[in-house]
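Observations on chain architecture
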Amino acid sequence: MKIQRQDSGAVAILRVSGKLMGGPDAEAFQSVVLEALGQGRRHLLVDLGDVNWINSTGLGILISSYTTLRKRGGELKLLNVSKRIESILMVTKLNTYFESFQDETRALESFRAA
Amino acid sequence: MKIQRQDSGAVAILRVSGKLMGGPDAEAFQSVVLEALGQGRRHLLVDLGDVNWINSTGLGILISSYTTLRKRGGELKLLNVSKRIESILMVTKLNTYFESFQDETRALESFRAA
Amino acid sequence: MAREIITLSFPSRLELLGMLDKMLEGFVEQMECDEETATAVTISSIEAATNAIQHGHRRDSTKLVGMEFVVDDDQLEVRVRDSGPGFDPSSLEDCTDPANLLRARGRGIHIMRSLMDEVIFEFQNGHGTLVRLRKRLPPHNGTPR
Amino acid sequence: MAREIITLSFPSRLELLGMLDKMLEGFVEQMECDEETATAVTISSIEAATNAIQHGHRRDSTKLVGMEFVVDDDQLEVRVRDSGPGFDPSSLEDCTDPANLLRARGRGIHIMRSLMDEVIFEFQNGHGTLVRLRKRLPPHNGTPR
Ligand SMILES: Nc1ncnc2c1ncn2[C@@H]1O[C@H](COP(=O)(O)OP(=O)(O)O)[C@@H](O)[C@H]1O
Ligand SMILES: Nc1ncnc2c1ncn2[C@@H]1O[C@H](COP(=O)(O)OP(=O)(O)O)[C@@H](O)[C@H]1O
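Residues numbered from 1 in each chain as written. Chains lettered and ligands numbered in written order. Predicted model: local features only at pLDDT ≥ 70, side-chain atom pairs only at ≥ 80, totals over all residues. Heavy atoms only, no water.

**Focus on the overall build of chain A**
In terms of helices and strands, chain A carries four helices and five strands. The order of helices and strands in chain A, counted from the N terminus, is β-β-α-β-α-β-α-β-α. Residue pairs at least 24 apart in sequence account for 72% of intrachain contacts in chain A once pairs closer than 6 positions are excluded. Side chains of chain A carry 15 positive and 12 negative charges; the gap between the two charge centres is 3 Å. (Helix = DSSP H or I, 4+ residues; strand = E, 2+ residues; numbered from the N terminus. Contact = heavy atoms within 4.5 Å. Lys, Arg positive; Asp, Glu negative; His and termini not counted. Charge placed at Lys NZ, Arg CZ, Asp CG, Glu CD.)

Below is the structure:
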């Protein structure tokens, strides 16, 4: 897993690539999230477009970050979710928590509207 | 393996996709070549850009077509050869027979210049 | 077509799940099954292998995870074997219960059960877990899968 | 790191070579080896498996091709096993000889020998062929391959 961060107002966009599968990825992800929070980014838009691979343990990483942000009044939304990740979100009912977008501009606007 | 044919003067461009590995592919390829020849296309430009997979048996398909064309005064050239196919052509010294291009316009011009 | 079996075994390292994923991609591709089946088989096999590595073998790379892909005309069965302590499937909590929805873990088996037609666990008293994941296949056009 | 072995077995059908290719892609990716090694291992393994299917088993899908990927710190060995009649490697013609250059076949073993450091054939008197393909690995940075 690799993460690149790019900010847009109060939103930190995290562009994730590679595999998202728990273990060491969990700590790496968490530390980027905490750094963004520390620098005043309350919201997170996670771009999964280059994630070719996720399992339920990787999903746990997103959930932990979601919980962290919610405590501070922030939101976590997803961008460019593949069919495969969509399937996992559906059967676990996590699609009710993670709002998901295919268009970056719209995703960013949705944070501002909130 | 799938083949799409597109003509440009005396050159038939064959856009191959999928796997090229002998067996049934050999007959399918040969019949497209014979059809093109029958319709007055003496030269062949084989676009391997969408071939994700080739083995030495698949190489044999290209060689048979090359031989068929040469007998009728035609040429066979390659377009968009991947690193992997390049490696196979190198170690088998077949790069001395198969001229190879990354640019379609140049490839077509090379037939006209001949 | 007669039954066909493909077998794979690999050390218990999470890093090897990427290789398994690629292999599954090639496997479902050559089976020419529909996309829903392909996604279900791929995701579920990886969940079961993840559990074998993490819970069965506690990431001890000297222990091997064994997999079998058994293709019949009308169904596909993926078997995942580890030599760990086993567990009690009846004691699992429902991860879609609102109270559990935001837990970081506990979704793998639910995902398998949701995507596959049948998920069977077999245990050999402390000698390992065998997970059998079954998916029915729609009638096929006669060429080998 | 201690020696690691991944094993795979599959019916003798050329269509399954696509799956093998994908698996190899994932395998070399997680080994994090250089591109030259990755290409060599992938191409050579497929050539050896093609021969096992075509020459060893004459595409009889009831016969299984067995493969082992043995990773040590300093080398990688791919073993490909069939139960066919074997052959005499010393009688092969040189496919790069101008007289043979335009033959449609006879390049597989040459390709393996060109790309790998060592190619060893072992025969068991009509009980099969074992091809061992070896590639030395450059010193690694200590993380598991
Ligand atoms: N192969 C296995 N060996 C031992 N225990 C297992 C195995 N698979 C699952 N379990 C147990 O079942 C629980 C639920 O598994 P699962 O639904 O996949 O969620 P998670 O792996 O995220 O905990 C695990 O936490 C573990 O206790
Ligand atoms: N596994 C095998 N079992 C039996 N014969 C084999 C095997 N591998 C190779 N051979 C023999 O060696 C010859 C050369 O093989 P190779 O160089 O791969 O070229 P090709 O497969 O195109 O003929 C084959 O034609 C076959 O006679």
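**Considering the packing of aromatic side chains**
Counting across every chain of the model gives twelve aromatic pairs over all chains. A ring pair is formed by Tyr66 of chain A and Tyr97 of chain A, whose centres lie 5.5 Å apart and whose planes are at 75°; its orientation type is edge-to-face. Note that Tyr66 of chain A is positioned in helix α2 (residues 56-71) and Tyr97 of chain A in the loop between α3 (83-91) and β5 (99-101), a separation of 31 residues in sequence. For the pair Phe87 of chain D and Phe121 of chain D, a centre-to-centre distance of 5.3 Å together with 80° between the ring planes defines the contact as edge-to-face. Taken together, the positions of Phe87 of chain D in the loop between β3 (75-82) and α3 (108-115) and Phe121 of chain D in strand β4 (residues 118-123) put the pair 34 residues apart, joining distant regions of the chain. For Phe121 of chain D, a relative accessible area of 15% translates into the label buried. (Phe/Tyr/Trp six-rings, centres within 6.5 Å; stacked < 30°, edge-to-face > 60°. Buried < 20%, exposed > 50% of the residue type's maximum accessible area, 1.4 Å probe, protein only.)

**Observations regarding the site of ligand 2**
Residues and elements named next belong to chain D. The full set close to ligand 2 counts 13 residues, and Asn51, His55, Asp82, Gly106 and Ile109 are the nearest of them. In the model, an oxygen atom of ligand 2 is placed 2.7 Å from a nitrogen or oxygen of the Asn51 side chain. Taking Asp82, its side chain carries an N or O atom lying 2.9 Å from a nitrogen atom of ligand 2. The protein chains hide 83% of the 530 Å² of surface that ligand 2 would expose on its own. Of all the secondary-structure elements, those providing two or more residues to the shell around ligand 2 are α2 (35-56) and α3. (Near = heavy atom within 4 Å. Polar contact = N/O pair within 3.5 Å; in protein donor to acceptor, adjacent residues only side chain to side chain. Areas by Shrake-Rupley, 256 points an atom, 1.4 Å probe, with all protein chains shown as cover.)

**Considerations on the site of ligand 1**
Residue and element names in this part refer to chain C. As a structural note, the neighbourhood of ligand 1 is formed by 13 residues, with Asn51, His55, Asp82, Gly106 and Ile109 the closest of them. Contact between ligand 1 and Asp82: a nitrogen atom at 2.9 Å from a side-chain N or O atom of the residue. Residue Ile109 places a main-chain N or O atom 2.9 Å away from an oxygen atom belonging to ligand 1. Burial of ligand 1 by the surrounding chains reaches 83%, relative to a free accessible area of 530 Å². Looking at the shell around ligand 1, the elements that each hand over two or more residues are α2 (35-56) and α3 (108-115).

**Details of the sheet that holds strand β2 (residues 64-71) of chain C**
Taken in spatial order, the ten strands make up an open sheet running β4(C)-β5(C)-β3(C)-β2(C)-β1(C)-β1(D)-β2(D)-β3(D)-β5(D)-β4(D), and their pairing is antiparallel. One side of each edge strand has no neighbouring strand; the edge strands of this open sheet are β4 (118-123) of chain C together with β4 of chain D. Within this sheet the neighbouring strands show an average axis-to-axis angle of 15°, counted without direction. For strand β1 (residues 4-11) of chain D and strand β2 (residues 64-71) of chain D, the ladder comprises eight bridges, and the chain directions are antiparallel. Along β2 of chain D, the bridge assignment pairs Ser9 of chain D with Gly66 of chain D. (Pairing = 2+ DSSP bridges. Axes fitted to C-alpha atoms, helices over the stretch in contact; angles between N-to-C directions.)

**A look at the interface of chain C and chain D**
Between chain C and chain D, the residue contacts involve 23 residues of the former and 23 residues of the latter. Around 1,900 Å² of area is buried between chain C and chain D when both sides are counted, 55% of it from carbon and sulfur atoms. Considering only the side of chain C, the residues that lose the most area to chain D are Arg13, Met19 and Lys22 of chain C, jointly responsible for 29% of the buried surface there. Where chain C touches chain D, the interface holds six salt bridges. Close ionic contact of Glu25 of chain C with Lys22 of chain D constitutes a salt bridge, the shortest N to O distance being 3.1 Å. The tally of links from chain C across to chain D stands at eight residue pairs in polar contact (both at pLDDT 80 or more). (Buried area = accessible area lost by both parts, 1.4 Å probe. Salt bridge = Lys/Arg side-chain N within 4 Å of Asp/Glu carboxyl O.)

**Observations regarding the sheet that holds strand β3 (residues 43-54) of chain B**
All names here are of chain B. Taken in spatial order, the five strands line up as β1-β2-β3-β4-β5 in an open sheet, and their pairing is mixed. With one partner strand each, in any of the chains shown, β1 (2-8) and β5 (99-101) form the two edges of the open sheet. Averaged over neighbouring strand pairs, the angle between their axes works out to 25° when direction is ignored. Sheet topology places β1 next to strand β2 (residues 11-20); seven bridges connect them, and they run antiparallel. Bridging across to β2, Lys2 finds its partner in Ser17. Contacts from helix α4 (residues 104-113) reach β1, β2, β3, β4 (76-79) and β5, with the element oriented near 145° to β3.

The values are spatial; any link to function lies outside them.
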